[in-house]
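# Observations on the model geometry
In case you want the letters, here they are:
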Amino acid sequence: MLNGSELATFRKQLLGWFRQFQRDLPWRRIKDPYRIWLSEIMLQQTRVAAAIPYYERFLERFPDVRALAAAPQEEILRAWSGLGYYSRARNLQKAAQQIVAKHGGQFPARMDDVLALPGIGDYTAAAILSIGFGEKYAVLDGNVARVLARLSAIRGDLREATRWQELQETADRLLDPQSPGDWNQAMMELGATLCTPKSPQCLLCPVAQFCEGRKLGIAESLPEKRKKRATVKVTLAAAVFADEKDQTLLLPPPKNTKEKTSADHVPTLVSKMWHFPTISVTAEPARNLLAFLRKRMPAVQSRRWQLIPAGKVRHAVTYRAITLLPFLIHVKKLPRCRGARQVPLSDISGLPASNLTRKVARSALAAAASVPAMN
Ligand code: SF4
């Protein structure tokens, strides 16, 4: 616990360091709550370097809340395509529509109103309000928690509810009330650039003299590892049709994402975006996939469909380790299927599709190049 003059020095040194050495990031150039919000949502699951081009393209197309609220969802998903965790994009639009309907298109400046928006939790609300409006809310996310755990030599699982609450109280105490926005960004910057998960650069740290973890020689081992949720292995099989003109077939996401996709459990892992016909399998992937296709796309020609194994795609989503087995099916004419759309197999980017679906397309293309088409 820092006394009054220590706290003043701590704040001065950290803010001085931030103002001199902060990275030049596009969302730091204008204090616009919409831009801050967008950047915070993009950065939730994405590295800064990967997020920047998406951020810039997204803003060009959707420069403000009203443009985002009015856009077709498909266009928003396409702009998000490749960033993953697409519920973030859907929630952005729902929140934008709410801001237009309830706040006249102006981003709200009250905590209750911000927290009522879809996809915005305590951390994001504190970031937007402090940086965009100068409100005195301290942010706490994994990065900031790591810095605080090291500064105060806090052991144990930081996400445990009472410990997280204590960390929030510490963050609130440290917050510089004169510059809450810069303060929060300084804490985040310290976590992102010097107080990194591995090998913290304590020699360059502007607040090293206050760091208990460093004094005790345990900084690098903090925070202690959380108990990991066991990995669940999932196997999927996907049908990649290819007609004579290199066209393939993608199925649409369900209109309501909560709606059950089908009795065959088309996995929600792929079906939230445009996807190849896909099922989860435990055995005999080709046979089960063919049975699924015949049910979903009853057609005489299905009797002649030959499923050609087209490699293996591995993908990880949180605790799931996915193995996806694409099967290439050469056809003269693509089968008819409700809601499906035809796109070139060599470029499925015309429809919003997940990274997993794009990997499947690449794997199938590689197989198609080595397997001659049926006549
Ligand atoms: Fe992090 Fe090292 Fe600074 Fe402590 S001294 S806050 S461990 S970078």
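Residues numbered from 1 in each chain as written. Predicted model: local features only at pLDDT ≥ 70, side-chain atom pairs only at ≥ 80, totals over all residues. Heavy atoms only, no water.

## A short note on the overall build of the chain
To keep things clear, this is the line we draw: In this text, helices come from DSSP runs of H or I with a minimum length of four residues, and strands from runs of E with a minimum of two, each type numbered from the N-terminal end. Note on classification: 1.4 Å probe, protein chains only; a residue is buried when its accessible area is under 20% of the maximum for its type, exposed when over 50%, partly exposed between these limits. Here, two residues are considered to be in contact whenever any of their heavy atoms come within 4.5 Å of each other.
When you go through the chain residue by residue, the secondary structure sums to 15 helices and 7 strands. Projected onto its principal axes, the C-alpha positions of the chain cover 80 × 50 × 35 Å. Looking at the chain as a whole, 47% of its 375 residues are labelled buried. Taking contacts inside the chain between residues at least 6 apart in sequence as the whole, the part at least 24 apart equals 67%.

## Side note on the pattern of salt bridges
Operational definition: By definition, a salt bridge exists where a carboxyl oxygen of Asp or Glu is found within 4 Å of a side-chain nitrogen of Lys or Arg.
Going through the model one piece at a time under the given rule, you end up with 13 salt bridges. Where Glu 160 meets Arg 163, a salt bridge forms, and the shortest distance between an N and an O atom there is 3.9 Å. In this structure Glu 160 comes out as partly exposed when scored by relative accessible area, which is 36%. The class for Arg 163 is partly exposed, based on a relative accessible area of 23%. Measuring nitrogen to oxygen at the nearest pair gives 3.5 Å for the salt bridge that ties Glu 212 to Lys 215. Taken as a pair, Glu 212 and Lys 215 lie in helix H12 (residues 212-216) at a separation of 3 residues, close to a single helical turn. The network of salt bridges with common partners includes Arg 23, Arg 28 and Glu 189.

## Regarding the site of the ligand
Cut-off, in case you're wondering: Residue proximity to a molecule or strand is established when one non-hydrogen atom of the residue lies within 4 Å of it. Residues were grouped as follows: Ala, Val, Leu, Ile, Met, Phe, Trp, Tyr, Cys and Pro as nonpolar; Asp, Glu, Lys and Arg as charged; and all remaining residues, including Gly, as polar.
As a structural note, the neighbourhood of the ligand is formed by Arg 150, Leu 151, Cys 195, Cys 202, Cys 205, Ala 208, Cys 211, Arg 214 and Ala 219. Looking at the shell around the ligand residue by residue, the classes come out as 7 nonpolar, no polar and 2 charged.

## Let's talk about the nonpolar core
Condition: By nonpolar core we mean a set of buried residues, namely Ala, Val, Leu, Ile, Met, Phe, Trp, Tyr and Cys, connected to one another through side-chain atoms within 4.5 Å.
Membership of the largest hydrophobic core comes to 74 residues, with the highest contact counts inside it found for Trp 37, Phe 58 and Trp 80. Ranked by residue count, the leading element in this core is helix H8 (residues 122-133), at 7 residues. If sequence neighbours within four positions are ignored, Phe 58 has contacts with Tyr 34, Leu 38, Met 42, Leu 68, Ile 76, Ala 79, Trp 80 and Leu 92.

## Focus: the environment of Phe 241
One can find Phe 241 in strand S1 (residues 232-242). Counting along the chain gives 36 residues from Phe 241 to Cys 205, while the straight-line C-alpha distance between them is 56 Å. Non-local contacts of Phe 241, meaning those with residues more than four positions away in its chain, are made with Gln 247, Thr 248, Leu 249, Leu 293, Met 297, Trp 305, Ile 329, Val 331, Leu 334 and Pro 335.

## A look at the side chain of Thr 124
Locating Thr 124 in the fold gives a position in helix H8. The class of Thr 124 is buried, set by a relative accessible area of 3%. Every residue in contact with Thr 124, bar those within four places of it in the chain, is listed here: Trp 37, Glu 40, Ile 41 and Gln 44.

## Thoughts on the packing of helix H1 (residues 4-21) against helix H11 (residues 180-193)
Definition in use: Note on geometry: axes are lines fitted to C-alpha atoms, helical ones only across the stretch in contact, with angles between N-to-C directions running from 0 to 180 degrees. In what follows, roughly perpendicular refers to angles from 65 to 115 degrees, roughly parallel to angles under 35, roughly antiparallel to angles over 145, and oblique to any angle outside these ranges.
Two elements in contact, H1 and H11, have axes separated by 9 Å at closest approach and are oriented at 75°. Here H11 runs roughly perpendicular to H1, going by the angle between their axes. When H1 is examined against H11, the residues Phe 10, Arg 11, Leu 14, Leu 15, Trp 17, Phe 18, Arg 19 and Phe 21 are found in contact with a partner set consisting of Asp 182, Trp 183, Gln 185, Ala 186, Met 187, Glu 189, Leu 190 and Thr 193. Considering only residue class, the contact of H1 with H11 consists of 10 nonpolar, 2 polar and 4 charged.

## Remarks on unusual backbone geometry
Following Leu 222, the chain continues to Pro 223 via a peptide bond in cis, the omega torsion being -5°. Residue placement: Pro 223 occurs in the loop between H12 and S1. Backbone geometry places Ser 199, a non-glycine residue, at a positive phi of 45°. With respect to the helices and strands, the residue Ser 199 is situated in the loop between H11 and H12. Look at Ser 199 and you get partly exposed, because its relative accessible area is 48%. You will see that Asp 246, though not glycine, has its phi angle at about 70°, which is positive. Relative to the helices and strands, Asp 246 is located in the loop between S1 and strand S2 (247-250).

## Some remarks on the domain arrangement of the chain
Stated formally: For the domain bounds, the source is a domain assignment made automatically or taken from a database. Put simply, buried area is the surface a 1.4 Å probe can reach on two separate parts but cannot reach once they are joined, added for both. Here a polar contact is taken to be a pair of N or O atoms separated by no more than 3.5 Å, where protein atoms must pair a possible hydrogen donor with a possible acceptor and residues adjacent in sequence count only if both atoms sit in side chains.
In terms of domain boundaries, the chain breaks down into domain 1 (4-221) and domain 2 (232-370). Placing the centre of domain 1 and that of domain 2 at their C-alpha centroids yields a distance of 37 Å. In this complex, domain 1 contributes 8 residues to the contact, which on the side of domain 2 involves 14 residues. Both sides of the domain 1 and domain 2 interface together cover about 860 Å² of buried area, and 51% of this is carbon and sulfur. When the buried surface of domain 1 facing domain 2 is broken down by residue, Glu 74, Tyr 86 and Arg 90 rank first, second and third, together holding 48% of it. At the junction of domain 1 and domain 2, the tally comes to 1 salt bridge. In this structure, the salt-bridge partner of Glu 74 is Arg 341, at a minimum N-O distance of 3.5 Å. One can count 4 residue pairs in polar contact (both at pLDDT 80 or more) joining domain 1 with domain 2. Per-element tally for the side of domain 1 that touches domain 2: the top contributor is helix H5 (residues 73-80), with 3 residues. Grouping the constituent residues of the side of domain 1 that touches domain 2 by class yields 3 nonpolar, 2 polar and 3 charged.

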